[in-house]
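# Fold and geometry: a report
Letter by letter, the chains look like this.
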Amino acid sequence: MTRDNAFVVVANRLPVDRTAAPSGWQASPGGLVAALAPVLRERSGCWVGWPGEPDVEIAPFEFEGISLRPVALSAREFEDFYEGFSNSSLWPLYHDLIVAPSYEAAWWEAYQEVNRKFADAAAAAAAPGATVWVQDYQLQLVPGLLKQARPDVTVGFFLHIPFPSPDLFRQLPWRDEITRGLAGCDLIGFQREEDERNFRALVGPSGPRSGTFPISIDPQAIRPGGQEDVETLRERLGAPETVMLGVDRMDYTKGILQRLLAVECLLEQGTLGRVAVVQLTTPSRERIEHYQQTRREVEEAVGRINGRFGEVGRPIVHYIHRPVPKAELGTYYRAADVMLVTPFKDGMNLVAKEFVSCCADDAALVLSEFAGAAVELDRAHLCNPFDVGSIQEAITAAVGDHRDARVDDMRAMRRAVLGHDVFDWAREFLGAL
Ligand code: ADP
Ligand code: G6P
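Each chain has its residues counted from 1, running along the sequence as written. Note on labels: chains are lettered from A, ligands numbered from 1, in written order. It should be noted that, the model being predicted, local features are given only for residues of pLDDT at least 70 and side-chain atom pairs only at 80 or more, the latter also being counted only at that level, while totals for whole chains, interfaces and linings use all residues. Values shown for side chains rest on all heavy atoms present in the structure; no hydrogens or waters enter the calculation.

### Concerning the site of ligand 1
Which entries qualify depends on this criterion: It suffices for a single heavy atom of a residue to lie within 4 Å of a molecule or strand for the residue to be listed as near it. Distance and chemistry together define a polar contact, namely a pair of N or O atoms within 3.5 Å, with one atom able to donate a hydrogen and the other to accept it when in protein, and with adjacent residues in sequence counting only for side-chain atoms on both sides. Every accessible area reported is derived by Shrake-Rupley at a probe size of 1.4 Å, with residue values counting cover from the shown protein chains alone. Runs of H or I in DSSP of at least four residues are treated as helices and runs of E of at least two as strands, each being numbered from the N terminus. All amino acids are sorted into three groups, where Ala, Val, Leu, Ile, Met, Phe, Trp, Tyr, Cys and Pro are nonpolar, Asp, Glu, Lys and Arg are charged, and the leftover types, Gly among them, are polar.
The environment of ligand 1 is formed by 16 residues, the closest being Arg249, Lys254, Lys326, Leu350 and Glu354. Within the backbone of Leu280, a nitrogen or oxygen atom sits 3.4 Å from a nitrogen atom of ligand 1. Measuring from an oxygen atom of ligand 1, one finds a backbone N or O atom of Leu350 at 2.9 Å. Its free accessible area being 570 Å², ligand 1 has 80% of it covered by the protein chains. Only β11 (242-249), β12 (275-282), α11 (326-335) and α12 (350-358) provide two or more residues apiece to the shell around ligand 1. By residue class, the composition of the shell around ligand 1 is 8 nonpolar, 3 polar and 5 charged.

### Quick word on the site of ligand 2
As a structural note, the neighbourhood of ligand 2 is formed by Arg13, Tyr82, Asp136, Tyr137, Gln138, His160, Ile161, Arg249 and Arg285. Between an oxygen atom of ligand 2 and a side-chain N or O atom of Gln138, the distance comes to 3.2 Å. Within the contact set of ligand 2, an oxygen atom lies 2.9 Å away from a side-chain nitrogen or oxygen of Arg285. Against a free-state accessible area of 370 Å², the protein chains account for coverage of 69% of ligand 2.

### Thoughts on the side chain of Thr331
To be explicit about the condition: We call two residues in contact when some of their heavy atoms are within 4.5 Å.
With respect to the helices and strands, the residue Thr331 is situated in helix α11. Not counting chain neighbours up to four residues away, the residues in contact with Thr331 comprise Gly225, Asp229, Val230 and Leu233.

### Overview of the sheet that holds strand β14 (residues 338-341)
Test applied: In this analysis, strands are considered paired if DSSP registers two or more bridges between them. Note on geometry: axes are lines fitted to C-alpha atoms, helical ones only across the stretch in contact, with angles between N-to-C directions running from 0 to 180 degrees.
Read from one edge of the open sheet, 6 strands run β13-β12-β11-β14-β15-β16, paired in parallel fashion. Sheet topology places β13 (317-321) and β16 (381-383) at the edges, where each strand pairs with a single neighbour. For this sheet, the mean inter-axis angle between neighbouring strands, taken without regard to orientation, is 15°. With 2 bridges joining them, β11 and β14 adopt parallel strand pairing. Each bridged residue has a counterpart across the sheet, and for Leu245 the counterpart in β14 is Met339. Against the sheet, α12 makes contact with β11, β14 and β15 (364-368), and its axis sits at roughly 170° relative to β15, the strand it touches most.

### Quick notes on empty space enclosed by the protein
To keep it simple, the criterion reads: Both site types are read off a 1 Å grid over the protein atoms alone. A 1.4 Å probe that fits but cannot get out defines a cavity, while an open set with protein on both sides within 12 Å along at least five of seven lines defines a pocket; lining residues have an atom within 4 Å of a point. Grid points are joined across faces, edges and corners, and a volume is the space filled by probe spheres set on the points.
Under the criterion given, the structure shown has 1 cavity of 30 Å³ or more. Taken as a whole, the largest cavity encloses approximately 50 Å³ of empty space. Surrounding the largest cavity, Ala363, Ala364, Leu365, Arg379, Ala380, His381, Asp401, Arg406, Asp409, Met410 and Met413 form its lining. Listed by contribution, the elements that provide at least two residues to the lining of the largest cavity are β15 and α14 (403-418).

### Considering the pairing of β11
For the record, the criterion: Only protein chains enter the accessibility calculation, which uses a 1.4 Å probe; a residue whose area is less than 20% of its type maximum is buried, one above 50% is exposed, and one in between is partly exposed. With the strands pointing away from the viewer, any crossover whose connection runs clockwise from the first strand over the helix to the second is right-handed.
Of all 8 residues in β11, 7 are buried; the element is thus mostly enclosed. Pairing geometry for β11 and β12, over 8 bridges, is parallel. Note on β12: the bridge partner recorded for Arg249 is Thr282. After leaving β11, the chain enters helix α9 (residues 256-269) and then returns to the sheet as β12, a path that is right-handed.

The structure is reproduced here in structure tokens:
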């Protein structure tokens, strides 16, 4: 081993995506990568993760000064660990049963095997006395396994998604094993105090040390679009009075259908004026039935709304189902009058923070009470996404508010986001660890 590896990040995904570029890889756009890259470079650290495709073995490689250690997953592990236990058992359970979780013993077997692979890779990489930071719900057994193999390392764990109340968590047939896995860490971090309280209520005082560390964005990563681009975009949308925007992974937690239904009701009432809705949606976990159903329902609503209220060459809902380059996202954020962020449940929701950092001063944010971001962005138009009437009220208020009130609220929220970025988040967690 030529490198020191005094700091190791373990996450389900490596911080790179395949490209046609000569190096074959580009940095993935997430804030986590941006936040940890400086720490990794400074401390000659490495990142252990899955390269994002099943059945490919890739040797460790260097990317922009960071050493990457790919963990290979077979097609069966992809199905049982990733699509199965991680995203059909844990994801719906931790998001308060928006859809019913399935629990299958074969998925649990694969979850244990794959967590063991990640723990072995981290144990092999970490220098004596290293700090290892494990990320998210896919890897909850890694702290325990790693501590067994390497009692000399300091292990941190951060859960990016909500932690459910003990009453829901107790459904999980392997609840004790998961709790024991997490208990191997020296510090466990949560997005909201409520998540931390749920965890503490489950493990009691004897569990690992915990803290609340709300994640944030890298403000340099998404820059607001220039005036010319913004004007061009609004022209292309038919120069409407109001541009509304949604930006989400296609996930049933995000409440995309519910916000469209709220818009449809307002169009029926004729109270919205000339409006264009832009819904940018990234494909996600596409082989899972609940994700397919969500996409079908969203696309059906888009078609129905345009059929009822659009004109030829002038739809109401402009719907994209593919990733939009980060460079363009800032133009959408800047062009929007009202941003719609309506998840049923969300650990944080970075889209809300990206919008606030980029948007015009007199733009407005409609935000679900159930997004972690609502704790800091409490001057948004908060709504209950389980109640379409509540989303309608929030949209109506956002569109109709006096400009001065909007500007005060938006500036206050922007100060909150810029005053606590993803670098602060990483520094605070690692400081506590
Ligand atoms: P989640 O982690 O559940 O997907 P977040 O809102 O916290 O939700 O983070 C989503 C990230 O993905 C943000 O950085 C956002 O910019 C990006 N993203 C989401 N949807 C799109 C899209 N349609 N095109 C490009 N980027 C997107
Ligand atoms: C959420 C999770 C992350 C996950 C991301 C994208 O943000 O907290 O752990 O990486 O969604 O999901 P995917 O399944 O594509 O990795």
